[in-house]
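Okay, here's what each chain looks like letter by letter:
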Amino acid sequence: MTVPVLEVDRLVVDVLVEGEPRTVLHEVSLSLGEGEALGLVGESGSGKSMTARAVARLLPPGARTSGTIRYGGHDVRTLKGGALRDYRGDVALVFQDPRAHVNPVRRIGDFMTEALRTLHGVDKHTAAKRAAAALADVGIADGERRLEQYPHELSGGLLQRVVIATMLLTEPKLLLADEPTTALDVTTQAEVMAILDELRQERGMALLFITHDLDLAGAVCDRTAVMYAGQIVETRESAKLHEDPLHPYTAALVTARPAVDRAVDRLAAIPGRSVSAFEAPDGCPFAPRCPHAVDACHQERPPAEYVDGGLVRCIRADELRGRLAEEVAFHD
Amino acid sequence: MTEEPVLRVTGLRREFGGVVAVDGVDFEIPRGGSLAIVGESGSGKSTVANMVVGLCAPTAGTITACGRDRSRPARSAKERRLRGREVQIVFQDPYASLDPRHCAEQTLDEVLRLHRADDGKQQRQARVAELGDLVGLDARQMRARPRALSGGQRQRIAIARALAAEPEVIILDESVAALDVLVQAQVLNLLADIRERTGVSYLLISHDLGVVRQITDETVVMRRGRIIERGPTADVLAHPRQPYTQVLRDSVPHAGWKPTRALRALTEGAQPS
Amino acid sequence: MTIAASVLDGVRTRRRRVAGNTVVVWVCAAIVGLALLLAVFGPALAPHDPDAADLTYANVGPVAGHPLGFDSQGRDLLSRLLAGARTSMAGPALVVVLAMAGGTVLAVVSAWAGRWIDATLSAVMDVLFAFPAVLLAVLAAAVFGPGLTAPTLVLALAYTPYVARVLRGAALRERAQPYIAACEVQGLSAFTICLRHLVPNIAPMMAAQGTLLFGYAMVDFAAISFMGLGVQPPTSDWGVMVSTGQPGVLQGYPAESLTAGLCIVVVVVAVNLLGERLSQRSEGR
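Thresholds, definitions, all that
- Residues numbered from 1 in each chain as written.
- Chains lettered and ligands numbered in written order.
- Predicted model: local features only at pLDDT ≥ 70, side-chain atom pairs only at ≥ 80, totals over all residues.
- Heavy atoms only, no water.
- Helix = DSSP H or I, 4+ residues; strand = E, 2+ residues; numbered from the N terminus.
- Rg over C-alpha atoms; globule rule 2.2 N^0.38 Å.
- Buried < 20%, exposed > 50% of the residue type's maximum accessible area, 1.4 Å probe, protein only.
- Areas by Shrake-Rupley, 256 points an atom, 1.4 Å probe, with all protein chains shown as cover.
- Domains from an automatic or database assignment.
- Buried area = accessible area lost by both parts, 1.4 Å probe.
- Salt bridge = Lys/Arg side-chain N within 4 Å of Asp/Glu carboxyl O.
- Polar contact = N/O pair within 3.5 Å; in protein donor to acceptor, adjacent residues only side chain to side chain.
- Nonpolar A, V, L, I, M, F, W, Y, C, P; charged D, E, K, R; others polar.
- Pairing = 2+ DSSP bridges.
- UniProt positions renumbered as here; feature names shortened; annotations may be inferred.
- Patch = residues over 30% accessible without salt bridge, like charges linked within 9 Å, V, L, I, M, F, W, Y side chains within 5 Å.
- Axes fitted to C-alpha atoms, helices over the stretch in contact; angles between N-to-C directions.
- Parallel < 35°, antiparallel > 145°, perpendicular 65-115°, else oblique.
- Left-handed = near helix turned anticlockwise from the far one by under 90°.
- Contact = heavy atoms within 4.5 Å.
- Disulfide = S-S within 2.5 Å.
- Phe/Tyr/Trp six-rings, centres within 6.5 Å; stacked < 30°, edge-to-face > 60°.
- pLDDT = per-residue confidence, 0-100.

The next thing to look at is the overall build of chain A. Scanning chain A from N- to C-terminus turns up 11 helices and 12 strands. For 332 residues, the compact-globule formula gives about 20 Å, and the C-alpha radius of gyration of chain A, at 21 Å, lands near that figure. Its C-alpha atoms give chain A principal-axis dimensions of about 65 × 50 × 40 Å. Residues classed as buried in chain A amount to 54% of the 332 residues present. Surface summary for chain A: the accessible area is close to 14,600 Å², and the carbon and sulfur share equals 49%.

Residue and element names in this part refer to chain A. Domain annotation for chain A reports domain 1 (32–57 + 78–221) and domain 2 (241–331). Here domain 1 and domain 2 have C-alpha centroids that lie 32 Å from each other. Where domain 1 abuts domain 2, roughly 580 Å² becomes buried across the two surfaces, and 56% of that area is made up of carbon and sulfur atoms. Area buried by domain 1 at its contact with domain 2 is led by Glu43, Leu214 and Asp215, which between them contribute 71% of it. At the junction of domain 1 and domain 2, the tally comes to 0 salt bridges. In this assembly, domain 1 and domain 2 are joined by 3 residue pairs in polar contact (both at pLDDT 80 or more). Counted by class, the side of domain 1 that touches domain 2 contains 2 nonpolar, 1 polar and 2 charged residues.

Another point: the sheet that holds strand 1 (residues 4–17) of chain A. Residues and elements named next belong to chain A. Spatially, the 4 strands line up as an open sheet ordered 2-1-4-5, and their pairing is antiparallel. Both outer strands of the open sheet, strand 2 (20–33) and strand 5 (74–75), are each paired with one neighbouring strand and no more. Where strand 4 (residues 64–71) lies against strand 5, 2 bridges are found, and the strand directions are antiparallel. Bridge pairing links Tyr71 to His74 in strand 5.

The next thing to look at is the UniProt feature "domain: ABC transporter" (unreviewed entry) in chain A. Per the UniProt record, the feature "domain: ABC transporter" (unreviewed entry) sits at residues 6–254 of chain A. The straight-line gap between the two end C-alpha atoms of residues 6–254 of chain A is 28 Å; of that span, 41% is helix and 28% is strand.

Once that is clear, we can look at a nonpolar patch on the surface. A cluster of nonpolar side chains, contributed by Leu34(C), Leu37(C), Val40(C), Phe41(C) and Leu45(C), occupies part of the molecular surface with about 510 Å² of accessible area. Looking at Phe41(C), the relative accessible area reads 47%, which means it is partly exposed.

Turning to the packing of helix 6 (residues 151–164) of chain B against helix 7 (residues 181–198) of chain B, a few remarks are in order. Residue and element names in this part refer to chain B. Orientation of helix 6 relative to helix 7, taken along the N-to-C sense of each, is 15 degrees, at an axis distance of 10 Å. By the angle between their axes, helix 6 is roughly parallel relative to helix 7. Our pair here, helix 6 against helix 7, has a crossing hand that is right-handed. Facing helix 6, whose interface residues are Gly152, Arg156, Ile159 and Leu163, helix 7 presents Val183, Gln186, Val187, Leu190, Leu191 and Ile194. Broken down by class, the residue content of the contact of helix 6 with helix 7 amounts to 7 nonpolar, 2 polar and 1 charged.

This next bit is on the state of the cysteines. Enumeration according to the criterion identifies 0 disulfides over all chains in this entry. In this structure Cys56(B) is a free cysteine whose sulfur lies 19 Å from that of Cys183(C), the closest cysteine sulfur available. You can call Cys56(B) buried: its relative accessible area is 17%.

This part takes up the arrangement of the chains. Contacts are most numerous between chains A and B, taken over all 2 pairs of chains that touch. Looking at chain A next to chain C, you find no contact at all, with the nearest C-alpha pair sitting 13 Å apart.

Attention shifts here to the environment of Ala35(C). All names here are of chain C. For Ala35, the location among the structural elements is in helix 2 (residues 22–45). Judged by relative accessible area, Ala35 falls into the buried class, the value being 8%. Note: C-alpha distance between Ala35 and Met89 (54 residues apart in sequence) is 8.5 Å. Look past the residues within four positions of Ala35 in its chain and what remains in contact with it is Met89 and Val267.

All names here are of chain B. Helix 6 packs onto helix 3 (residues 104–115) with a crossing angle of 15 degrees between their chain directions and a minimal axis gap of 9 Å. Considered as vectors, helix 3 and helix 6 are oriented roughly parallel to each other. In terms of crossing hand, the pair formed by helix 3 and helix 6 is right-handed. On the side of helix 3, the interface is formed by Ala104, Thr107, Leu108, Val111 and Leu112, while helix 6 contributes Ile157, Ala160, Arg161 and Ala164. By residue class, the composition of the contact of helix 3 with helix 6 is 7 nonpolar, 1 polar and 1 charged.

The next thing to look at is the side chain of His66(C). The topology assignment puts His66(C) in the loop between helix 2 and helix 3 (77–113). For His66(C), a relative accessible area of 14% corresponds to the buried category.

All right, on to the packing of aromatic side chains then. All names here are of chain A. By the definition in use, this model includes 4 aromatic pairs over all chains. An angle of 70 degrees between the planes, with centres 5.0 Å apart, marks the rings of Tyr71 and Tyr87 as edge-to-face. With Tyr71 in strand 4 and Tyr87 in helix 2 (residues 81–90), this pair connects stretches of sequence that are 16 residues apart. Across this residue pair, the class does not change: Tyr71 and Tyr87 are buried. Seen in terms of ring centroids, Tyr228 and Tyr249 are 4.6 Å apart; in terms of plane orientation they differ by 55 degrees. Their pairing is tilted. Of this pair, Tyr228 sits in strand 9 (residues 223–228) while Tyr249 sits in helix 10 (residues 248–256), placing them 21 residues apart in sequence.

Our next topic: the interface of chain C and chain B. Taken together, the 16 residues of chain C in the interface contact 22 residues of chain B. Interface area for chain C against chain B, summed over the two sides, is near 1,700 Å², with a carbon-plus-sulfur share of 57%. Run the count over chain C and chain B and you get 1 salt bridge. Put simply, Glu110(B) and Arg196(C) hold a salt bridge, and the shortest N to O gap is 2.7 Å. Only helix 7 (178–186) and helix 8 (190–226) of chain C provide two or more residues apiece to the side of chain C that touches chain B.

Attention now moves to the pairing of strand 10 (residues 226–232) of chain B. All names here are of chain B. As judged from the 6 bridges shared by strand 9 (residues 218–223) and strand 10, these two strands associate in the antiparallel manner. Within the sheet, the bridge partner assigned to Met222 lies in strand 10 and is Ile227. Between strand 9 and the antiparallel strand that follows it, strand 10, lie 2 residues; Arg224 among them carries a positive phi value of about 50 degrees.

The UniProt record marks residues 7–249 of chain B with the feature "domain: ABC transporter" (unreviewed entry), using the residue numbering of this structure. Its end C-alpha atoms 27 Å apart, residues 7–249 of chain B is made of 41% helix and 26% strand.

Turning next to the interface of chain A and chain B. Counting residues at the interface gives 45 residues for chain A and 37 residues for chain B. Here chain A packs against chain B, burying approximately 3,400 Å² in sum over the two surfaces, 56% of which is carbon and sulfur. Area buried by chain A at its contact with chain B is led by Val186(A), Thr187(A) and Val260(A), which between them contribute 19% of it. Taken together, the connections running from chain A to chain B amount to 12 residue pairs in polar contact (both at pLDDT 80 or more). When contributions to the side of chain A that touches chain B are tallied by element, the ones reaching two or more residues are helix 7 (186–203), helix 8 (214–220) and helix 10 of chain A. In terms of residue class, the side of chain A that touches chain B is made up of 22 nonpolar, 9 polar and 14 charged.

Residues and elements named next belong to chain B. Taken residue by residue, chain B gives an average pLDDT of 91. The fraction at 70 or more is 95%. Confidence drops under pLDDT 50 across residues 269–273; counting only partners more than four residues distant or on other chains, this segment forms 9 contacts. Interface confidence in the predicted complex, given as ipTM, is 0.88; pTM for the same model is 0.84.

What follows is the structure, encoded as structure tokens:
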């Protein structure tokens, strides 16, 4: 593998909830090579968004971190001044709700060219030209007209494409996309995902794609990391997650989803609810709900181990491999 | 000789300030049946739900539930209560669909007071406990304020509230869309159980074809206010006749799926025939 | 943004920061609590007859048994302040109760009915907004004669649209929540839904509005009394005391105006900070 663009090593994050520190991430490790796409999949409260916020240096005030987030040879956690500005220039963010991140009273053109003009000193005319070209790249043909419009005149899908085009203007090296299509219709989602995928491959951007949808992550990411209770329980080639999951939680995610092509008598719904890192019990946080848990699972946190080219935190990963594959095969 | 459908909608139309949101919508649900209205945002599917449940009046067309007309707003308190015993609804957002100041027991008790005025306090308490059991909430959860509960637990309360009046039809307006996948599976199983046990009918409003496939027998596909395709859910999803329905199905991520830009371009051209 | 707006914004931000401090909030709550106790028991606590004048003691400073000294007519200052607490706060309290009641009803009716009813009520509010509260109260006092009744009614009327406007927004937000729709679908009457669900859920906002209003009303009453149109001498009242103590200020005996003025300022600031805190909490909900 090439030198990683981003390398997160045993990241622990505590945030303040009503003045009390609470652990939201527990020893999260991941690496992302140039032009590589990594999916980060989990339910709400699993810590997937918090990971992205830690990488983007957007943690809430009072948050404490340990471990490292390495980018270009530096620990992102300690960047200051000019170095932090440079880093922010290299990293672009796309969020779930484009409307919350676009100033509603300014024209699309002003929003798109702001960074170019203020940070990169590009003149107004050139900036507008490049903005229109970027809009063309994301499949918006009449870019010049769009630049004159206001956000409320655009649909959610169109606005999300504007946000993506805007981010392209500064030619980022790392793209953090946090549920960028969750608020969109399925047909629009397919298009936006296609655009993100093409752009990443054409421009060699590294992509950290955060979603709750295992299938969606698999469609655009080489590898996918599955998060539960603030830790990554499994990192694996996306294609293999569906056929040969290593962690029982991953298998549960695969089988719980109702399929379009067939109805089942009962969905494989495991009992209980997903917990956050600070509520997690001793031992494996998934153990209380896990159909395969044994006594040892409740004793201590399973370390991350390599199995078949993937990383998994499950002490029974080796012996369960065949059975989990059967479970998901029965589902498919 | 076919039985009278539990819900019949004919020629339903709704305009908002000259813009037609719903146009010529017809469908019926047999007793104990389950029908999905599928569509994207702006298709008019939620407007149909709101008209059926009585939160918005149709511009034209008729809605008949349990053999009684409900096309016009209810005029009397008695009529409102009667309608409440025919059709209920479970909304999408579990965080906003419960009064933040009331626990599940209070919420259910209020409904029971309204619909079972003859019951004494003990009978109501028994019924509240029964409803709690039915949706799988324990005594502690039944007494907790909504803010102390998870999305899935709140949605169970909303389902119990809808069941409290023993309606014939429950509208599920994207009721599982906001839930995480494991919770969603639990709630979908619960909904299937409830239908089996009580014989209630479902009208599911959804954009999620997997959910539609799992809990409905029949499907209508809406686009721009009109129904463009209808049939048994299995058929509609396996062999869509309309190009739009096909695009809708092919846009659902699944194992081995690759997103393409072409799909959407196809929907732009795919006018309903 | 205009300069005035940005200055106001700055004041608001600063006030918010102060109101966010827990110690400050507790101190304010204590002051308000004390003020309420004084309003109830103040007259009974007065060590001397607040109206007993003895000109030989006119403007005499603190002596034993009279810790604040005497006013220009030789009446015990502390007794007058204590006795005045009730009159100074009863008027504003009544204004708050009346304006809150009227404003809440208008807001809920507006938000619930919508359409032309809402449009009409909003238009009426806009007209009422154009009348300055204090001037109206002065006018009323001039027409109906001095006393507390006319200014109370007029101020309540003048504040109602403010309350109604703020609460209408809150009621509209609540009205749009699905839990309200669920009540409608059950068949509950609009009146029941508003009483049992809508109003309780805007209650935090109402409490915040009520406290803020109380501060404003106290200042307005003080102004009216200061002009000699509210409470009539010899009844003791903080606003009246500020006014009657005025010649003393010029002659070098500022005690009467100063102590009464201080009472007003302390209570108003405490109440306002508390109100600000309450409204922060109701927004954060």
